[in-house]
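# Secondary and tertiary structure notes
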Amino acid sequence: MSGNVILPVLFGIIVIGFAQISFAEELESATFIAVNEEKFEQPQSRHSYQQVVIFGYIEDYSRGSQITFIIIAPDESQIEMATYAARNGEIYTPIHITDDSQIGIHQLILKYQDEEIASTLFEILENQ
């Protein structure tokens, strides 16, 4: 009787293991954009800054193709920055928050091949 139970249990464990591995691989290959923190404090001095690290991944990235970041400030003004991903599609770009950066929630959009493909938010808090 215990032999009849062990085989189906082992088979179930193997199937679940393969499903988890394929799900993890799928997550690794999905396009995304993020920042290293969700909230940043605005510097008090014009001589200092906070560094925001933009990171992510572009699925099916063509080496040497330009990507664009669009940052939409709370007052709806926009800043566009063009750069490139690594040949494997990974993104790593630092930007700076200064004493004149707008307080509030900023939207960061990743644009590739003239299409908005991912976005995230970050907030700049007033220095206490």
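Summary of the structure given here. (Residues numbered from 1 in each chain as written. Predicted model: local features only at pLDDT ≥ 70, side-chain atom pairs only at ≥ 80, totals over all residues. Heavy atoms only, no water.)

## Examining the overall build of the protein
Along the protein, the regular secondary structure elements total one helix and eight strands. Beginning at the N terminus, the succession of helices and strands in the protein can be written as α-β-β-β-β-β-β-β-β. Of all 128 residues assigned to the protein, the portion counted as buried reaches 30%. A separation of at least 24 residues holds for 63% of the contacts in the protein among residues at least 6 apart in sequence. In the form shown here, the protein has an accessible surface area of approximately 8800 Å², with 52% of it arising from carbon and sulfur atoms. (Helix = DSSP H or I, 4+ residues; strand = E, 2+ residues; numbered from the N terminus. Buried < 20%, exposed > 50% of the residue type's maximum accessible area, 1.4 Å probe, protein only. Contact = heavy atoms within 4.5 Å. Areas by Shrake-Rupley, 256 points an atom, 1.4 Å probe, with all protein chains shown as cover.)

## Structural notes on the sheet that holds strand β4 (residues 66–72)
Pairing between the strands of a sheet is mediated by backbone hydrogen bonds and can be parallel or antiparallel. If you walk across this open sheet you meet the five strands as β2-β8-β7-β4-β5, and the pairing is mixed. The open sheet terminates on both sides in strands that have one partner only, identified here as β2 (39–41) and β5 (78–84). On average, each strand axis in the sheet is inclined to that of its neighbour by 25 degrees, with strand direction left out of account. In this sheet, strand β8 (residues 115–125) lies alongside β2 in parallel orientation, the contact comprising three bridges. When the sheet's bridge partners are listed, lysine 39 is paired in β8 with glutamate 123. (Pairing = 2+ DSSP bridges. Axes fitted to C-alpha atoms, helices over the stretch in contact; angles between N-to-C directions.)

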